[in-house]
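Fold and geometry: a report
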Amino acid sequence: MRTVTVVGASLAGLYAARALRSQGFQGRLVIVGDEHHRPYDRPPLSKDFLKGETGQEQLALADAEEIAELDAEWVLGTRAAGLDDEGRTVRLAGGRALATDGVVIATGATPRRLPGPELSGVHTLRTLDDAQALRADLAGGPGRVVVIGGGFIGAEVASSCAALGHDVTVVEAAPLPLLPQLGEEMAGVCAALHGDHGVALVTGTGVAALRGEPGGRVTGVELADGRLLPADTVVVGIGVRPNTDWLAGSGIAVADGVVCDAGCVTALPHVVAVGDVARAGGSRTEHWTSATEQAAVAVHNLLAGATLMAHRAVPYFWSDQYGVRIQFAGRRLPTDTVRIVEGSPEDRSFLAAYERDGRTTAVLALNRPRPFMKQRRELMRAAQPVAS
Ligand SMILES: Cc1cc2nc3c(=O)[nH]c(=O)nc-3n(C[C@H](O)[C@H](O)[C@H](O)COP(=O)(O)OP(=O)(O)OC[C@H]3O[C@@H](n4cnc5c(N)ncnc54)[C@H](O)[C@@H]3O)c2cc1C
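Below you will find a few notes about this structure.

Here is what the cut-offs are and how they apply
Residues numbered from 1 in each chain as written. Predicted model: local features only at pLDDT ≥ 70, side-chain atom pairs only at ≥ 80, totals over all residues. Heavy atoms only, no water. Salt bridge = Lys/Arg side-chain N within 4 Å of Asp/Glu carboxyl O. Helix = DSSP H or I, 4+ residues; strand = E, 2+ residues; numbered from the N terminus. Pairing = 2+ DSSP bridges. Axes fitted to C-alpha atoms, helices over the stretch in contact; angles between N-to-C directions. Polar contact = N/O pair within 3.5 Å; in protein donor to acceptor, adjacent residues only side chain to side chain. Contact = heavy atoms within 4.5 Å. Disulfide = S-S within 2.5 Å. Buried < 20%, exposed > 50% of the residue type's maximum accessible area, 1.4 Å probe, protein only. Near = heavy atom within 4 Å. Nonpolar A, V, L, I, M, F, W, Y, C, P; charged D, E, K, R; others polar.

Some thoughts on the pattern of salt bridges
- According to the stated counting rule, one finds 20 salt bridges in the structure shown.
- The closest approach of N and O atoms between Arg 227 and Asp 225, which form a salt bridge, is 2.8 Å.
- Residue Arg 279 pairs with Asp 256 through a salt bridge whose shortest N-O separation is 2.7 Å. Residue Arg 279 is found in strand β20 (residues 278–280), and its partner Asp 256 is found in the loop between β17 (240–242) and β18 (258–260); the two are separated by 23 residues along the sequence.
- Three or more residues joined by partner-sharing salt bridges are found here, namely Asp 256, Arg 279, Arg 284 and Glu 286.

This is the structure we're talking about:
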């Protein structure tokens, strides 16, 4: 393999580039990214960066020395518009075509938006540019912020806005935020964090419309049950969709993500997918750790020309809200039972285990990082990547 093109210059793309070099690839490495920035870390965007406690320079995922060592051609600010010739040509917006022997698809995901006319003061949060725009909006002094969607990013934004002195309301269409991820009991504990910190949580109702003059600024959020929440700023956190549009007509199968096997390999052995865009082995995760772990596995298989290794790691994510670190690892089913192993939900500091047939399937911790990591390691021991 003489040329490998990584499409997507962010977390999974950078880790794939690192893996290519560390696994001995000495050929031409091209990294295409539609953002103008070198890879940066997204988790702080909803946390310390939004609060102004972390600067842009601290977000960089690689320093100048590492960038030089990678010896890659960076094509930034340029969107890949297509994948042609059975995955041997990456077509760029503007018409340039890159001939390549291998492709790593690492194009991540884009926030879903609400239908309706564009209004200023309405934000989504995925990129550094998004975070800068939101931060600038919030800097105008205390105001009314409505966060639509009570998932992890919505909750983190709510927490950061509250810390900045804003009057915050979170709107969640489900009876409780994070129900599918955590189950009713633990979702209830996490939902209570909002109230602990003076943030209103409105559940069980969707959004009918955003109010505001077309082309002007948002003034409120009209709920499906008829209530109107006045708002100076609205943040929409209603999930993402994987960035696969550019693959239309490529022959690469897409179904809520790039369909690939457990080794991140698509139907074409020289095209692999990693990170938020990858539906690997039947599931797609949107977690920092999966994006980094998948890269090494995918590159191993790409360089071998066949799936020799599978990514069987235990899904893991963390979230920081209201000074509480939430950590979750494992795969829970709605029928699993949950048991507090240590600490207490009332103190917002505990470790809980999800169980099925006497076996632990997942663990959740609030402010218990050390025992959590021990439990996570135990879950991981049973699920190491399989080499053959
Ligand atoms: C605000 C925020 C907070 C988060 N907090 C946490 C957390 O606390 N814990 C956790 O586990 N995870 C967290 N995550 C999730 C984590 O950041 C993602 O899982 C991770 O960024 C995925 O990396 P990726 O490289 O697959 O995708 P992305 O980071 O989305 O990168 C994909 C890149 O590809 C580019 N791209 C897209 N289409 C094209 C194209 N056609 N051509 C060229 N380039 C393209 C995109 O612009 C982007 O730069 C958070 C995410 C966000 C947004």
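Some points on the sheet that holds strand β6 (residues 97–99)
- Spatial strand order, β4-β5-β6: 3 strands in an open sheet with antiparallel pairing. The open sheet has two edge strands, β4 (80–84) and β6, and neither has a second partner. Taken pair by pair, the neighbouring strands of this sheet meet at an average axis angle of 20°, ignoring direction.

Considering the environment of Arg 377
- For Arg 377, the location among the structural elements is in helix α7 (residues 369–381).
- With 368 residues separating them along the chain, Arg 377 and Ala 9 place their C-alpha atoms 30 Å apart.

Observations concerning the side chain of Arg 332
- Structurally, Arg 332 is set in the loop between β22 (324–330) and β23 (337–344).
- A polar atom in the side chain of Arg 332 sits 2.9 Å from the backbone oxygen of Pro 180.
- Discounting residues that sit within four places of it in the chain, Arg 332 has contacts with Leu 179, Pro 180, Gln 181, Leu 182, Gly 183, Tyr 354, Arg 356, Thr 361 and Ala 362.

Topic: the state of the cysteines
- Across all of its chains, the model carries 0 disulfides by this definition.
- Considering cysteine sulfurs only, Cys 161 is the nearest to Cys 190, which forms no disulfide, with 19 Å between them.
- Of the residues examined, Cys 190 reaches a relative accessible area of 3% and is grouped as buried.

Concerning the site of the ligand
- Taken together, 32 residues lie around the ligand, and Asp 34, Glu 35, Arg 42, Lys 47 and Arg 126 are the ones closest in.
- Measuring from an oxygen atom of the ligand, one finds a side-chain N or O atom of Ser 10 at 2.9 Å.
- Within the backbone of Ala 12, one N or O atom sits 2.8 Å away from an oxygen atom of the ligand.
- Grouping the constituent residues of the shell around the ligand by class yields 13 nonpolar, 10 polar and 9 charged.

Just distances and angles here, no functional claims.
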